[in-house]
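Here is how the chains run, residue by residue.
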Amino acid sequence: MSGDETVGKVYLVGSGPGDPDLLTVKAKRLLEEADVVLHDKLPGPDIIDSIPEAKREDVGKRAGGEWTPQEYTNRRLVETAEAGNTVVRLKGGDPFVFGRGGEEMEHLAEHGIPFEVVPGITSALAGGAVAGIPATHREYTSSVSFVTGHEDPTKEESAIDWQALADTGGTLVVLMGVGKLPLYTDALLEAGKAPDTPVALIERATWPDQRVVTGTLSTIVDVRDEHEIEPPAITVIGEVAATRERVIEHLENEPDRERAVEGSNNGA
């Protein structure tokens, strides 16, 4: 609908990992100004509840739960913008880190809809950070890789080279990988990754009910099952994951300290 002066604008906004204090100033302002907010499940309850119900629409996707087809979300973005609205497409973390922001951006461009991207703090970095786990550390690793643990099920084969990731020796952060944890830990072990490699699972990072458990590549599946860790969660694999045990007593920014500490299990 290019050329129509009444067309609105879409903002592809990252909400960060879930703590409202970690919204960018721009994201907060746009949420207040928006006519329509199409949101995922992952921005977190505090952020979603702060948006007036009359202008928000849930288009979230959750593994094993409700599923909004991407085609529907794409259509709603165009429809609401063509009606002259200021539209915020609110995503957890950053729009372009496994958030389908790229697909939505291309769809908007194809339909002549003006849009703007507002980056957010990705949980790939924030999840480990709030748990006392740095993505890189001068003494342990100078590289980090981000992969999805929930690839498109229509793919004939994985696009992830687990052998190459095992060989790099850097930190590996897996997003959306709780359910398939046994598959990729086995893949890394088969690729030669040491069984005693430290691993951490951070569930609902920065949310009030955040939990963190730790183990090793060979024990983390049992630790997950013992503590019933569920999505959304990130997996951090590498020597940096052991840093948490050395700093936990003085780490003050865990949302629920008692709960988070009780959830820890070294497993080594």
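What you are looking at is a predicted structure, and each value in this text was computed from that prediction instead of being measured. (Residues numbered from 1 in each chain as written. Predicted model: local features only at pLDDT ≥ 70, side-chain atom pairs only at ≥ 80, totals over all residues. Heavy atoms only, no water.)

### Observations regarding the nonpolar core
Then step 1. Membership of the largest hydrophobic core comes to 22 residues, with the highest contact counts inside it found for Val-147, Trp-162, Leu-172, Leu-188 and Ile-237.
Then step 2. Looking at this core, the elements with two or more residues in it are α6 (162-168), β7 (171-175), α7 (181-190), β8 (198-203), α8 (220-227) and β10 (233-237).
Then step 3. Residue contributions to this core peak at four residues, all from α7.
Then step 4. For Ile-237, the residues in contact, after removing those within four places along its chain, are Gly-170, Thr-171, Leu-172, Val-174, Tyr-184, Leu-188, Thr-197, Pro-198, Val-199 and Leu-217.
Then step 5. Core analysis: the next-biggest nonpolar cluster, separate from the first, contains 14 residues, Ile-133, Ala-200, Ile-202 and Ala-241 among them. (Core = buried A, V, L, I, M, F, W, Y, C linked by side-chain atoms within 4.5 Å. Buried < 20%, exposed > 50% of the residue type's maximum accessible area, 1.4 Å probe, protein only. Helix = DSSP H or I, 4+ residues; strand = E, 2+ residues; numbered from the N terminus. Contact = heavy atoms within 4.5 Å.)

### Observations regarding the packing of helix α3 (residues 70-82) against helix α4 (residues 101-110)
Then step 1. Contact pair α3 / α4: the axes reach a minimum separation of 10 Å and the direction vectors enclose 45 degrees. One finds that α3 runs oblique with respect to α4. In this structure, the crossing between α3 and α4 has a hand that is right-handed. On α4, the residues touching Gln-70, Thr-73, Asn-74, Arg-75, Leu-77 and Val-78 of α3 are Glu-103, Glu-104, His-107 and Leu-108. (Axes fitted to C-alpha atoms, helices over the stretch in contact; angles between N-to-C directions. Parallel < 35°, antiparallel > 145°, perpendicular 65-115°, else oblique. Left-handed = near helix turned anticlockwise from the far one by under 90°.)

### Some remarks on helix α1 (residues 25-33)
Then step 1. If you check which residues of α1 are buried, you get Ala-27, Leu-30 and Leu-31. End-on, the buried residues of α1 take up no more than an arc of 100 degrees, which puts them together on one face. Exposed side of α1, more than 90 degrees from the buried face: Val-25 and Glu-32 are the residues found there.
Then step 2. Of the surrounding secondary structure, the elements contacted by the buried residues of α1 are β1 (9-14), β2 (36-39), α2 (45-49), β4 (86-91) and β5 (115-118). (Arc of directions from axis to C-beta.)

### Details of the sheet that holds β5
Then step 1. Taken in spatial order, the five strands line up as β3-β2-β4-β1-β5 in an open sheet, and their pairing is parallel. The open sheet is flanked by β3 (56-58) and β5, the only strands paired with a single partner. Each neighbouring strand pair of the sheet contributes to a mean axis angle of 20 degrees, computed without reference to strand direction.
Then step 2. Sheet analysis places β1 next to β4, joined by six bridges and oriented parallel. Note on β4: the bridge partner recorded for Val-13 is Leu-90.
Then step 3. Seen against the sheet, α3 touches β1, β2, β3 and β4 and runs at an angle of roughly 155 degrees to β4. (Pairing = 2+ DSSP bridges.)

### Thoughts on α3
One turn of the α-helix equals 3.6 residues, which is why residues spaced by three or four share an orientation.
Then step 1. The end-to-end C-alpha separation of α3 is 18 Å, in line with the 18 Å expected for 13 residues at 1.5 Å each.
Then step 2. Taken as a whole, α3 has its buried residues at Gln-70, Thr-73, Asn-74, Leu-77, Val-78, Thr-80 and Ala-81.
Then step 3. Count one or two residues on from α3 and you reach Gly-84, which has phi positive near 90 degrees. (Expected span 1.5 Å × (residues − 1).)

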